[in-house]
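Each chain is listed here by its residues.
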Protein chains: 2
Amino acid sequence: MASLILLCVLLLWPLSSGSEVVDVLVILPKNNSYLFSYPRVAPALQYAQRRLRGADPHGALTFNLSYADSECGNSALFSLVDDSCEKRPDLILGPVCEYAAASVARLASHWDIPMVTAGALAAAFSQKSGEYSHLTRVAPSYLKMAETFAAMFQHFSWRSALLVYEDDKEERTCHFTLEAVFLLLDPDLHDHLRTHMLSGARDERLDAEDLLHAVREAEVVIMCMGADVIREVMLAAHRRRLTDGSTVYFNIELFNTSSYGNGSWKRGDKLDTEARLAYASLNTVTLLKTVKPEFENFSMEVNRSIQKERLADCQDCGSINMFLEGFHDALLLYGIALHEATRKGFSKKDGAQITAHMWNRTFEGIAGPVSMDANGDREQDFSIMAMTRPEEGSYEVVANYFAINGSFQVLPAFNTDRFTLRGRRKPSPPTP
Amino acid sequence: MASLILLCVLLLWPLSSGSEVVDVLVILPKNNSYLFSYPRVAPALQYAQRRLRGADPHGALTFNLSYADSECGNSALFSLVDDSCEKRPDLILGPVCEYAAASVARLASHWDIPMVTAGALAAAFSQKSGEYSHLTRVAPSYLKMAETFAAMFQHFSWRSALLVYEDDKEERTCHFTLEAVFLLLDPDLHDHLRTHMLSGARDERLDAEDLLHAVREAEVVIMCMGADVIREVMLAAHRRRLTDGSTVYFNIELFNTSSYGNGSWKRGDKLDTEARLAYASLNTVTLLKTVKPEFENFSMEVNRSIQKERLADCQDCGSINMFLEGFHDALLLYGIALHEATRKGFSKKDGAQITAHMWNRTFEGIAGPVSMDANGDREQDFSIMAMTRPEEGSYEVVANYFAINGSFQVLPAFNTDRFTLRGRRKPSPPTP
């Protein structure tokens, strides 16, 4: 169905203009330790290229992809400048890391080149009126995720929170993730918001006393950090009887959407039983997943390519993450927008016009419909997962948050008790 | 004498290499509301060019200057990229504004181009090991200025301070100025440091109550803001009897070195008498000025050029400021370093080598000797000015701070009482 729509769109490509070559510069890290390294994203882009080619039997449109190493900082800008001095690209895909994306987005605006990325998720990039005018974000930004928390806080009348995060001072994923939560929570709540930063240094011992004191003061604890540290915190909280229902715990899981929930308390060590009991109090906010047959095919093909390449230092390489999906959809979205703009008489060099055609529209992405808001950012629905069978320690989705109207959908597995602050006061029950 | 040294240096220019053209890209704001706009700096650079030409009778070295508009933000980077795609400059002069300078300095390092500026004064630019490796600062940085305060605090055993500043969110001069003071004061003092930010919005009324409460708590008040706001604060403090000697007040005056001190309390309004009394408690930290005959000539010639151009919107255009002096010296310093590096077999394209030759050396600038430290930053001595004739309200230098050994030179006009906290406790007397 999606391919059909795409076919219809691209068959209408104005033949009179002859064959058009679109130069795409993909700026991502070369290093495979990033979920969005370009050796990992490349097969997803090739898949999108094949789809676009299949929908364009006259060969009117060719995408010429080249890759540049962004690392996770200013190298991204240098790559762009060095690669584009003689001939500027028509489209920039990436970068993902915030500091890398910021300088590239500024120059893209200055040069009137559309930039589409599955990254640049921090709140600052929402301001599109100035230096980020040509930036389109196909992955859900942290602010979109934070809407889920804002809605829950309002719904359950929670009145205080503790934000706990690890900061690596490079990607700063968790810093920017919880910054968005902070920004979106009701300002009246700000006096009752505490933050607690854990150093990213692995061998630095978790200062549990300090943290648990802060946990005791808060109704809701929202964590963004590595799975092992979350386990450590949950175990420590459990031992101090802070998982008795007087506090609601959340973690946030956005990127590696295939691996969360199903046993993240489990390590095969002697603490597993205790961890399972502790995790009974932990809820996970994550992307609402849609599955359609085409996604399975995409997933298989991309995995096959990655396996064939035998990428070095590639952890979690077997799973499709939000970035791979996002960059696939990015190329598709650009293709549709370019087509429309061209039909109106614009060329591939009219970057602002093509950007405008990517915003405020819905199209079929590889995993389902993708809605872009009027500000060029992706709309996204989120799920809340909870442990529903404590004896097995298995998780399932208990509620969904729908961005379009800010509403909750409470599923049969939802248990009001989990979101009620025992020993504090009873929140209003959620309306199904 | 200075010209003689320069002549000797440049006469030794290796003739065998033929005539060398050095492309200099000057990146400064076009808008004359900045003290360092390029129409204002240009005559100073032309003066330096003439000196270099006069010292090079064989015409072995030609400086080809072009100008690009930096505004005070990211335009600086765009100017550099757009101007340098086809042919990279051999030297970048400017930018001054911190945010403009940061991105240009990063690209200069990446492209191995020396960058010399009389700006980029913020503390962050002191880290030369990474992205600012090619940055040379010919004007005294805020950290160098802050040394004066650190030395005074230690000398007089002051134990608490209030930093009051205006923040315009664009240049952020005062934000960065007092950031450096904060960074350099003894960490043991940090618990007794308060900051108070005034909005840059002109029509927002000064919230005196709030500020005066903070003033009352501090032994030392250090201010960085416009002359009119300082007058307002001093008047308010005087009315609450906070100028009774229990608090020591400072302002910082770096840029417009010809206009401070001589009557800045005076407005010709009915508050003048009161203001004069209030200012008897105010001390000014400023650059230690040296004067040599050549500077007068420079000053006259530059002023004549500026007047001839009839620059629009040019306030304070009649005075030579630190930036004009700095950029003159920047070109001189580069000329000397290029000469030395060339004699060792390097070319003008060996940016790192030429940069290294600018560091850790002393040369004759237009106003006197200029010492560059081993980190490529200018050493600077500072003066402390105080009102010495309260009946006239006139100021003079009462002490000097010498960077080289961190010592004070107390002048005859120094009055120990002014730096003694009356009603608190007596500091150790300064040793002459």
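Residues numbered from 1 in each chain as written. Chains lettered and ligands numbered in written order. Predicted model: local features only at pLDDT ≥ 70, side-chain atom pairs only at ≥ 80, totals over all residues. Heavy atoms only, no water.

## Looking at the overall build of chain A
Reasoning step 1: When you go through chain A residue by residue, the secondary structure sums to 12 helices and 15 strands.
Reasoning step 2: A total of 432 residues make up chain A; the buried ones form 57% of that total.
Reasoning step 3: A sequence separation of at least 24 residues applies to 72% of the contacts in chain A between residues at least 6 apart.
Reasoning step 4: Of the roughly 18,400 Å² that chain A leaves accessible, carbon and sulfur atoms contribute 49%. (Helix = DSSP H or I, 4+ residues; strand = E, 2+ residues; numbered from the N terminus. Buried < 20%, exposed > 50% of the residue type's maximum accessible area, 1.4 Å probe, protein only. Contact = heavy atoms within 4.5 Å. Areas by Shrake-Rupley, 256 points an atom, 1.4 Å probe, with all protein chains shown as cover.)

## Topic: the environment of A:Gln409
Residue and element names in this part refer to chain A.
Reasoning step 1: With respect to the element layout, Gln409 can be found in strand S15 (residues 407-410).
Reasoning step 2: Counting along the chain gives 26 residues from Gln409 to Ser383, while the straight-line C-alpha distance between them is 9.3 Å.
Reasoning step 3: Those residues in contact with Gln409, other than ones at most four positions away along the chain, are Val398, Ala399, Asn400 and Phe402.
Reasoning step 4: Polar contacts involving the side chain of Gln409 include one to the side chain of Asn400, which spans 2.8 Å. (Polar contact = N/O pair within 3.5 Å; in protein donor to acceptor, adjacent residues only side chain to side chain.)

## Observations concerning unusual backbone geometry
Reasoning step 1: Cis peptide bonds are those with omega within 30 degrees of zero, and the linkage from A:Gly94 to A:Pro95 qualifies with -15 degrees.
Reasoning step 2: Mapped onto the fold, A:Pro95 is located in the loop between strand S3 (91-93) and helix H4 (98-111).
Reasoning step 3: One non-glycine residue with positive phi stands out, namely A:Arg172, at about 60 degrees.
Reasoning step 4: With respect to the secondary-structure elements, A:Arg172 resides in the loop between strand S6 (161-167) and helix H6 (173-184).
Reasoning step 5: Unlike most non-glycine residues, B:Arg241 shows phi in positive territory, near 60 degrees.
Reasoning step 6: Residue position: B:Arg241 is located in the loop between helix H8 (227-239) and strand S9 (248-253).

## Observations regarding the interface of chain B and chain A
Reasoning step 1: The interface is formed by 12 residues belonging to chain B together with 12 residues belonging to chain A.
Reasoning step 2: Summing both sides of the interface, chain B and chain A together bury roughly 1,100 Å²; the carbon and sulfur share of this comes to 66%.
Reasoning step 3: Of all residues in chain B, the largest losses of buried area upon contact with chain A belong to B:Phe78, B:Cys85 and B:His110, amounting jointly to 40% of the total for that side.
Reasoning step 4: For the pair chain B and chain A, the number of links is two salt bridges. (Buried area = accessible area lost by both parts, 1.4 Å probe. Salt bridge = Lys/Arg side-chain N within 4 Å of Asp/Glu carboxyl O.)

## Comments concerning the packing of helix H2 (residues 38-54) of chain A against helix H10 (residues 293-309) of chain A
Residues and elements named next belong to chain A.
Reasoning step 1: Relative orientation of the contacting elements H2 and H10 amounts to 130 degrees, with a least axis distance of 9 Å. As the angle between them shows, H2 and H10 are arranged oblique. For the pair H2 and H10, the crossing hand works out as right-handed. Contacts between H2 and H10 involve Arg40, Pro43, Ala44, Tyr47, Arg50 and Arg51 from the first element and Glu294, Asn297, Phe298, Glu301, Val302, Ser305 and Ile306 from the second.
Reasoning step 2: A breakdown of the residues in the contact of H2 with H10 according to their chemical character gives six nonpolar, two polar and five charged. (Axes fitted to C-alpha atoms, helices over the stretch in contact; angles between N-to-C directions. Parallel < 35°, antiparallel > 145°, perpendicular 65-115°, else oblique. Left-handed = near helix turned anticlockwise from the far one by under 90°. Nonpolar A, V, L, I, M, F, W, Y, C, P; charged D, E, K, R; others polar.)

## Focus on the packing of helix H5 (residues 142-156) of chain A against H6(A)
Residue and element names in this part refer to chain A.
Reasoning step 1: The contact between H5 and H6 brings their axes to 8 Å, and the two run at 50 degrees. What the angle tells us is that H5 and H6 run oblique. When you trace H5 past H6, the crossing you get is right-handed. Across from Tyr142, Leu143, Met145, Ala146, Glu147, Phe149 and Ala150 in H5, the residues of H6 making contact are Thr173, Phe176, Thr177, Ala180, Val181, Leu183 and Leu184.
Reasoning step 2: The class makeup of the residues in the contact of H5 with H6 is 11 nonpolar, two polar and one charged.

## Describing the relation of the copies chain B and chain A
Reasoning step 1: Structural alignment of chain B on chain A gives an RMSD of 0.0 Å, achieved by rotating through 180 degrees and translating 0.1 Å along the axis. The two molecules are tied by a two-fold rotation axis, judged by turn and shift. Minimal C-alpha distance to the rotation axis in chain B is attained by B:Cys85, lying at 2.5 Å.
Reasoning step 2: With an isologous cut-off of 70% or more, the 100% of interface residues of chain B that recur at the interface of chain A puts this contact in the isologous class. (Least-squares fit on C-alpha atoms with pLDDT ≥ 70 in both.)

## Some points on the state of the cysteines
Residues and elements named next belong to chain B.
Reasoning step 1: Enumeration according to the criterion identifies five disulfides over all chains in this entry.
Reasoning step 2: Bridging Cys72 to Cys97, the disulfide has an S-S length of 1.9 Å. In this structure, the disulfide formed by Cys72 and Cys97 twists by about -100 degrees around the S-S bond and is classed as left-handed. Taken together, the positions of Cys72 in the loop between strand S2 (61-69) and helix H3 (75-84) and Cys97 in the loop between strand S3 (91-93) and helix H4 (98-111) put the pair 25 residues apart, joining distant regions of the chain.
Reasoning step 3: By relative accessible area, Cys72 is classed as buried at 5%.
Reasoning step 4: Residue class for Cys97 comes out buried when judged on its relative accessible area of 5%. (Disulfide = S-S within 2.5 Å.)

## Quick notes on the pattern of salt bridges
Reasoning step 1: Within the structure shown, the criterion is met by 40 salt bridges over all chains.
Reasoning step 2: The salt bridge partner of A:Asp82 is B:Arg88, with a shortest N-O separation of 3.6 Å. Here the residue A:Asp82 occupies a position in helix H3 (residues 75-84), and B:Arg88 occupies one in the loop between H3 and S3, the pair thus bridging two chains.
Reasoning step 3: Taking the relative accessible area as the measure of exposure, A:Asp82 reaches 34% and is therefore partly exposed.

## Details of the environment of B:His134
Residues and elements named next belong to chain B.
Reasoning step 1: Within the secondary structure, His134 is located in the loop between strand S4 (115-117) and strand S5 (135-137).
Reasoning step 2: When neighbours within four sequence positions are excluded, His134 is seen to be in contact with Ala108, Ser109, Asp112, Ile113, Pro114, Met115, Gly351, Ala352 and Thr355.
Reasoning step 3: Within polar-contact distance, the side chain of His134 engages the backbone nitrogen of Ala352 at 3.5 Å.

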